[in-house]
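Results of the structural survey
Residues per chain are reported as follows:
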4 protein chains.
Amino acid sequence: MTPPEIVRIGHVVLSVADLAASKRFYVELLGLNVLHETPDGLYLRGVEDREWSLKLETGSAPRVRQFGFKVGSEAALDQVEALARAEGLATRRESELDRPSMLRIQDPFGFPMTYYYPAVRHPWLLQRYDLHRGPGITRIDHVNLFCPTVGDMAAWYQRTQGFRLSEYTEDRDGVTWAAWMHRKGNVHDLAVTNGAGPRMHHFAYYLPDGSRVTQLCDILAGARMEARIERGPGRHGISNAFYLYLRDPDGHRIELYSSDYLTVDPDFEPIRWDRDDIRRQQLWGGPAPKSWFTEGSVVESFDGTGSPVRESALSGIPTYIS
Amino acid sequence: MTPPEIVRIGHVVLSVADLAASKRFYVELLGLNVLHETPDGLYLRGVEDREWSLKLETGSAPRVRQFGFKVGSEAALDQVEALARAEGLATRRESELDRPSMLRIQDPFGFPMTYYYPAVRHPWLLQRYDLHRGPGITRIDHVNLFCPTVGDMAAWYQRTQGFRLSEYTEDRDGVTWAAWMHRKGNVHDLAVTNGAGPRMHHFAYYLPDGSRVTQLCDILAGARMEARIERGPGRHGISNAFYLYLRDPDGHRIELYSSDYLTVDPDFEPIRWDRDDIRRQQLWGGPAPKSWFTEGSVVESFDGTGSPVRESALSGIPTYIS
Amino acid sequence: MTPPEIVRIGHVVLSVADLAASKRFYVELLGLNVLHETPDGLYLRGVEDREWSLKLETGSAPRVRQFGFKVGSEAALDQVEALARAEGLATRRESELDRPSMLRIQDPFGFPMTYYYPAVRHPWLLQRYDLHRGPGITRIDHVNLFCPTVGDMAAWYQRTQGFRLSEYTEDRDGVTWAAWMHRKGNVHDLAVTNGAGPRMHHFAYYLPDGSRVTQLCDILAGARMEARIERGPGRHGISNAFYLYLRDPDGHRIELYSSDYLTVDPDFEPIRWDRDDIRRQQLWGGPAPKSWFTEGSVVESFDGTGSPVRESALSGIPTYIS
Amino acid sequence: MTPPEIVRIGHVVLSVADLAASKRFYVELLGLNVLHETPDGLYLRGVEDREWSLKLETGSAPRVRQFGFKVGSEAALDQVEALARAEGLATRRESELDRPSMLRIQDPFGFPMTYYYPAVRHPWLLQRYDLHRGPGITRIDHVNLFCPTVGDMAAWYQRTQGFRLSEYTEDRDGVTWAAWMHRKGNVHDLAVTNGAGPRMHHFAYYLPDGSRVTQLCDILAGARMEARIERGPGRHGISNAFYLYLRDPDGHRIELYSSDYLTVDPDFEPIRWDRDDIRRQQLWGGPAPKSWFTEGSVVESFDGTGSPVRESALSGIPTYIS
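Described in the following lines is the structure provided in the data block. (Residues numbered from 1 in each chain as written. Chains lettered and ligands numbered in written order. Predicted model: local features only at pLDDT ≥ 70, side-chain atom pairs only at ≥ 80, totals over all residues. Heavy atoms only, no water.)

A few points about the side chain of A:E300
Residue and element names in this part refer to chain A.
- The topology assignment puts E300 in the segment after β18 (297-298).
- Looking at E300, the relative accessible area reads 8%, which means it is buried.
- There is a polar contact of 3.1 Å between the side chain of E300 and the side chain of R65.
- Ignoring sequence-local partners within four residues, the contact set of E300 consists of R63, V64, R65, Q106, P112, G306, S307, P308 and V309. (Helix = DSSP H or I, 4+ residues; strand = E, 2+ residues; numbered from the N terminus. Buried < 20%, exposed > 50% of the residue type's maximum accessible area, 1.4 Å probe, protein only. Polar contact = N/O pair within 3.5 Å; in protein donor to acceptor, adjacent residues only side chain to side chain. Contact = heavy atoms within 4.5 Å.)

Regarding the relation of the copies chain B and chain A
- With an RMSD of 0.0 Å, chain B superimposes on chain A once it is rotated by 180 degrees and translated 0.0 Å along the axis. On the angle and the small slide along the axis, the relation comes out as a two-fold axis. Looking at the rotation axis and the C-alpha trace of chain B, the residue lying nearest is B:D209, at 3.2 Å.
- Mapped onto chain A, 100% of the interface residues of chain B are again interface residues, and the two copies thus contact each other with one and the same surface. (Least-squares fit on C-alpha atoms with pLDDT ≥ 70 in both.)

Digging into the relation of the copies chain C and chain D
- Placing chain C over chain D gives an RMSD of 0.0 Å and needs a rotation angle of 180 degrees, together with 0.0 Å of translation along the axis.
- A symmetric contact is evident, with 100% of the interface residues of chain C recurring at the interface of chain D.

Side note on the pattern of salt bridges
- Counting across every chain of the model gives 134 salt bridges over all chains.
- For A:R104, the salt bridge goes to A:E94, with nearest N and O atoms at 3.2 Å. Of this pair, A:R104 sits in strand β7 (residues 99-106) while A:E94 sits in strand β6 (residues 91-96), and the two are 10 residues apart along the sequence.
- Residue A:R104 is classed as buried on the basis of its relative accessible area, which comes to 8%.
- Note on A:E94: relative accessible area 24%, which makes it partly exposed.
- Across the pair B:E230 and B:R247 runs a salt bridge, and its minimum N-O distance is 2.9 Å. Remark: B:R247 occurs in strand β15 (residues 242-247) and B:E230 occurs in strand β14 (residues 229-235); sequence separation between them is 17 residues.
- Under the relative-accessibility criterion, B:R247 is labelled buried at 16%.
- Each member of the salt-bridge network shares a partner with another, and the members are A:R8, A:E51, A:K70, A:R121, B:D265 and B:D267. (Salt bridge = Lys/Arg side-chain N within 4 Å of Asp/Glu carboxyl O.)

Describing the interface of chain C and chain D
- Taken together, the 33 residues of chain C in the interface contact 33 residues of chain D.
- Counting the contacts that link chain C with chain D gives 10 salt bridges.
- Residues C:D267 and D:K70 are paired through a salt bridge, measuring 2.7 Å at the closest nitrogen-oxygen approach.
- There are 20 residue pairs in polar contact (both at pLDDT 80 or more) connecting chain C and chain D.
- A breakdown of the residues in the side of chain C that touches chain D according to their chemical character gives 15 nonpolar, five polar and 13 charged. (Nonpolar A, V, L, I, M, F, W, Y, C, P; charged D, E, K, R; others polar.)

Some points on helix α1 (residues 19-29) of chain A
Residues and elements named next belong to chain A.
- Along α1, the positions that sit buried rather than exposed are L19, S22, F25, Y26, V27 and L29.
- Measuring from the backbone nitrogen of A20 back to the side-chain oxygen at the start of α1 gives 3.0 Å, which picks out D18 as the cap.
- Following α1 by one or two positions, G31 adopts a phi angle in the positive range, close to 85 degrees.

Details of the packing of aromatic side chains
Residue and element names in this part refer to chain B.
- Using the criterion set out here, one finds 68 aromatic pairs over all chains in the structure.
- On the numbers, 6.1 Å between centres and 70 degrees between planes, the contact of F67 with F111 is edge-to-face. In this pair, F67 sits in strand β5 (residues 63-71) while F111 sits in the loop between β7 (99-106) and β8 (112-116), placing the two residues 44 residues apart along the sequence. In this pair, the class of F67 matches that of F111, namely buried. (Phe/Tyr/Trp six-rings, centres within 6.5 Å; stacked < 30°, edge-to-face > 60°.)

Description of the interface of chain B and chain A
- Between chain B and chain A, the residue contacts involve 33 residues of the former and 33 residues of the latter.
- Both sides together, the interface formed by chain B and chain A hides about 2,700 Å², and carbon and sulfur atoms give 52% of it.
- When residues of chain B are sorted by the area they lose upon contact with chain A, B:Q127, B:L262 and B:D267 head the list and together hold 20% of the total.
- Linking chain B to chain A there are 10 salt bridges.
- For A:D265, the salt bridge identified is with B:K70, shortest N-O distance 3.2 Å.
- Where the side of chain B that touches chain A is concerned, the elements lending two or more residues are β1 (6-16), β5 and β17 (271-274) of chain B.
- For the side of chain B that touches chain A, the residue count by class is 15 nonpolar, five polar and 13 charged. (Buried area = accessible area lost by both parts, 1.4 Å probe.)

Structural notes on the sheet that holds strand β5 (residues 63-71) of chain C
Residues and elements named next belong to chain C.
- Spatially, the eight strands line up as an open sheet ordered β2-β3-β4-β1-β5-β8-β7-β6, and their pairing is mixed. Each end of this open sheet is capped by a strand with a single partner; those strands are β2 (33-38) and β6 (91-96). Neighbour-to-neighbour, the strand axes of this sheet turn through a mean angle of 25 degrees, independent of strand direction.
- Sheet topology note: the strand β1 (residues 6-16)/β5 ladder contains eight bridges and is antiparallel. When the bridges of β5 are listed, V12 appears paired with F67.
- Where helix α1 (residues 19-29) meets the sheet, it contacts β1, β2, β3 (41-45) and β4 (54-58), and its direction lies at approximately 160 degrees from that of β4. (Pairing = 2+ DSSP bridges. Axes fitted to C-alpha atoms, helices over the stretch in contact; angles between N-to-C directions.)

What to know about the environment of C:G197
All names here are of chain C.
- Mapping G197 onto the fold places it in the loop between β12 (190-194) and β13 (199-206).
- Taking the relative accessible area as the measure of exposure, G197 reaches 0% and is therefore buried.
- Along the chain, G197 and G237 lie 40 residues apart, while their C-alpha atoms are 25 Å from each other.

Regarding the state of the cysteines
- One pass over the full model with this rule turns up zero disulfides over all chains.
- Sulfur of A:C217: no disulfide; nearest cysteine sulfur belongs to D:C217 and is 13 Å away.
- The buried category is assigned to A:C217, whose relative accessible area is 0%. (Disulfide = S-S within 2.5 Å.)

Some details on the nonpolar core
- Within the largest apolar cluster, 144 residues are counted, with the highest numbers of intra-cluster contacts made by B:Y26, B:F67, C:Y26 and C:F67.
- Discounting chain neighbours no more than four positions away, the residues touching B:Y26 are B:L14, B:G31, B:L32, B:L44, B:L54, B:L56, B:F203, B:D248, B:H252 and B:I254.
- Within the second largest apolar cluster, 142 residues are counted, among which are A:Y117, A:C147, A:A179 and D:V192. (Core = buried A, V, L, I, M, F, W, Y, C linked by side-chain atoms within 4.5 Å.)

Things to note about the sheet that holds strand β3 (residues 41-45) of chain D
Residues and elements named next belong to chain D.
- Strands sit in the order β2-β3-β4-β1-β5-β8-β7-β6 across an open sheet of eight strands; the sheet is mixed. Where the open sheet ends on each side, the last strands, each with one partner, are β2 (33-38) and β6 (91-96). Adjacent strand axes in the sheet meet at a mean angle of 25 degrees, parallel and antiparallel pairs treated alike.
- By the bridge criterion, four bridges tie strand β5 (residues 63-71) to strand β8 (residues 112-116) in an arrangement that is parallel. Bridged to F69 within β8 is Y115.
- Along the sheet, helix α1 (residues 19-29) makes contact with β1 (6-16), β2, β3 and β4 (54-58), crossing β4 at roughly 160 degrees.

Some details on unusual backbone geometry
- Here the residue pair A:G232 and A:P233 is connected by a cis peptide bond, since its omega of 5 degrees sits within 30 degrees of zero.
- Following the sequence through the fold, A:P233 ends up in strand β14 (residues 229-235).
- A cis geometry characterises the amide bond from B:G197 onward to B:P198, with omega recorded as 10 degrees.
- Summarising the element assignment, B:P198 is placed in the loop between β12 (190-194) and β13 (199-206).
- Not every positive phi belongs to a glycine, and A:S259 is a case in point at roughly 60 degrees.
- Take A:S259: it is sitting in the loop between β16 (253-258) and β17 (271-274).
- Looking at A:S259, the relative accessible area reads 24%, which means it is partly exposed.
- Despite not being glycine, D:R224 has its phi angle at roughly 60 degrees, a positive value.

What to know about the environment of C:G46
Residue and element names in this part refer to chain C.
- Summarising the element assignment, G46 is placed in the loop between β3 and β4.
- Look at G46 and you get buried, because its relative accessible area is 0%.
- Each C-alpha atom, one on G46 and one on N33, is 6.2 Å from the other, the two residues being 13 residues apart in sequence.
- Sequence-distant contacts of G46, defined by excluding residues within four places in its chain, comprise L32, N33, S53, I137, T138, R139 and Y205.

Take it as geometry only, folks, not as evidence of what the structure does.
Written out as structure tokens, the structure is:
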């Protein structure tokens, strides 16, 4: 059976403690663009995004509320709904600003996934270079999730939703430690990394080139917010990205990402990395900080209670909070 | 009926008068990488290409012999063959180094198109930064063709082969003057421009960023080959590319291209440009040289005689040389 | 006799018709930083400048009122005053915001030169990257002046004020067509170009690198002010600068300039360029527009009447307006 | 008394165990240019250098043999010789390829300093962009030396040779921990850092911009020599440099350095950094590795025996080996 047409990662919804502090970070320093602003929410986007791609909401605790995927048609929403129900997953229909028709599910691994079509599209800012600020963040690129059962999760998304594997990390026993999967033809829309979860490791925006990544380091330093830099700049072996990882005021991790490659060839062979090859993480050498392996954002159940999803350690399946 | 799965532009085959001079230009100065070399041919690629993407062959006159598209399967070759025959087009099966199965057709507009699957894939050079030379050309990106009947040609490729329109130029009477079409999810694999044809306006390789485009200007200047620069550097309104156009030793035009955008959204609306809006060509202002509108590479019939395809002026359908 | 210690170019004072339009251009688009603002004047600087380096004043006609050079001590002011008087040149002492002690002279070629020491110094913005805007203009670099007697003027500044020649353009008869002279150890503080004058050809600010030069093209294009781009981007043979020339709302020409070289060696031999070698102007090839040779800003006498200095054509000495 | 005219840092002479390995590192990967090659020595330079600036010699142990400063005249050599003798320092005249007249001294802190004038000058490679390799290293910029008596050494070079202080690190008791001094009008030619010595902390070459610094990381990674990267890339608070530190095959530390600022103003006030302000070392945050504080190259006496200079720990004056 043809899987539903998932087009690409579309949005992330985060709850934050202090919307003003988040606006200072994401808008004034990182230079994301405000598309809509309400008393409790900020809808942001990169200069190439024609839709909002990050929503920040006031919340009592820092959480991830949604990972949103754009699909190709309203029929695709029905198709995802059907496959979710067939697997006994909870689903719900919702609407949101500029997103009249969203299907939400809790995936088998505990993640609150949203699928949407259509979306209200706005004039982009790509060629309004006079309005670009800071490093000129381009577009949403991917999310990377902590899950204790990477192999299962990666297989599920490939089987049910047609995600294609671009790269993966394996140990000598053939156990998958991390997987990068895409729909849009670059390295990833969705990555899964071994760790206690369900948690979000990070979400990522694309930048035009590496010099913009280092410019952002300078901007943060100028504002005396260099402590927000958790890792980088550097070059991943995996994905070939020129990367920078920041922690926002609530501790959510955002990656600024540049320079990956095309994966549209049907005979593209996923790239295997050995778990013990340090180059997969950093071509230039040097280890990641410990926090990079252990800290992630709590994800929220979509049952309306705002509860976090119960997490599992490095094995087993997460159980939803009843 | 579902069109055949065209994946992306895959290669260009050019005949050149002096292979050594071409090697000096493409390999030593532009920094393309030699994958294979034979007495009469050079097979080149960018650092991300896993297959050869440019073949230069010794020939008595500068010609374009093939525009090659990678397809998704051998079945797709059969499908293209069937649709070509249904339209009364000549077809031929051939093989080539690393391309065991190629279907060649002469399209209704006179262009010698090749479709291939599979291709021998080689380790890429993307992360062998120590081997990159010059501006580090990344990958083949697109071809742009002169045709006197742009609207017909653009419609044919959309209808028969599933090309998707990203941008187009129109006059006030609704006549299409140029069209950009893609399969791989960026701005184009195939563009068509109004002009006497069938001719090749240019073929293009992707560069990592604009600083590499200007670096190439410096390299050419250093070698006292600044006369090879025909236009640029500049920023196209159409495609948002940071561009540079060069003429190779035989007069073939190559574009070095950077920074376009994603077009994977199914509700992407093609961008319309007015023919009289100079910004479509150059956001920074300033006209293109006359040669840019009038000069293009002659294309060759694939009948084995090496004859050029008879050309038409700005209307009518080209007629093949009998 | 040891010449007075001229340190570097320090400022330019321009009169402009509409201060608000100039602020939009210089501050909002180019990203120069406001140090002081009065009803009739704007004092601007780059992020490395600790002093103001550009003053814009409301005036009835677009003029250049001062070219300012920083000197090494108050004694150097006296020394310049003495040498000016010895040559029968008019001089005047003035003060200005942050410049308590300025010596003004009209040089033998008609230019209103100012020498100053000390200057009030302000905290720089170099490491306040969060406050940089647009391309992050760094510092004032040089002025370039039209004069019909280039050889005489270049000789006078070398002889009386210790300017050092870095590059020059000569024809086959040994006539100097242009000269680049410095005090600060890079290519120039003061350049003289053959043309009707005294006029200012341009003043220039330094940018960190070429990518910032092209970023500024994009910014102007985004604001639909691409018509302000007169020439470039390109690479000068002379000075090796990666350049861009703009015309401000009053027609004053500003160069954005990057990547020159050190000239501190005492055995540095000035680089000679043949007048007919196009590479001196543009390593990448291509001619300059005609306006680049014929249009310059009128300079103003410093007699308090606001009169322009009477100009000469391509020979002879300018005569002051009585 | 006017100090001798020291112009700038001019060269470093290093002994290395395996000249072929050093050539691979400095020439093939870093892209320095070979000016002369002898059986036992390599004379290298950046693309802007008109003279050789790095000499590598085969030696039994990795040592620094000379730090060379270009002076303004032969008279300046005599002047340095006189001041050295007045302080009881050993001196010697030598000649070398392209350096017919060199004065060598062992300074009071144990460093083997060379002063030279004139030098044979060669056509530069600055505008031969076609010959640039790798990141296009521009010119020698400075040396940084470990000395246990920083305050004394910095004072001595300012007093006797007219070095000017640009930045310094101090603790709360007013003890100088490090000092940056220049002659050429940028941040430094000579820096002194607290540590056991006399040792060389590093020598540095200038690169055009930060993107070239990160390009070099990629090149080293591509060649699987990422272990040569000791620190960076990053942004120093001090000097504002975009930096990278490498260790060569013998452990000598080389910095690739970009983007500092002008210091020619006579009223430039040296910038004070508190020893405990981490931003002085890395604006982006994050500590330096321990090796950066403790490891340096042994310097060699110039008595012809090839002996290392006896070192002192963090106080006291080094004693020469008799």
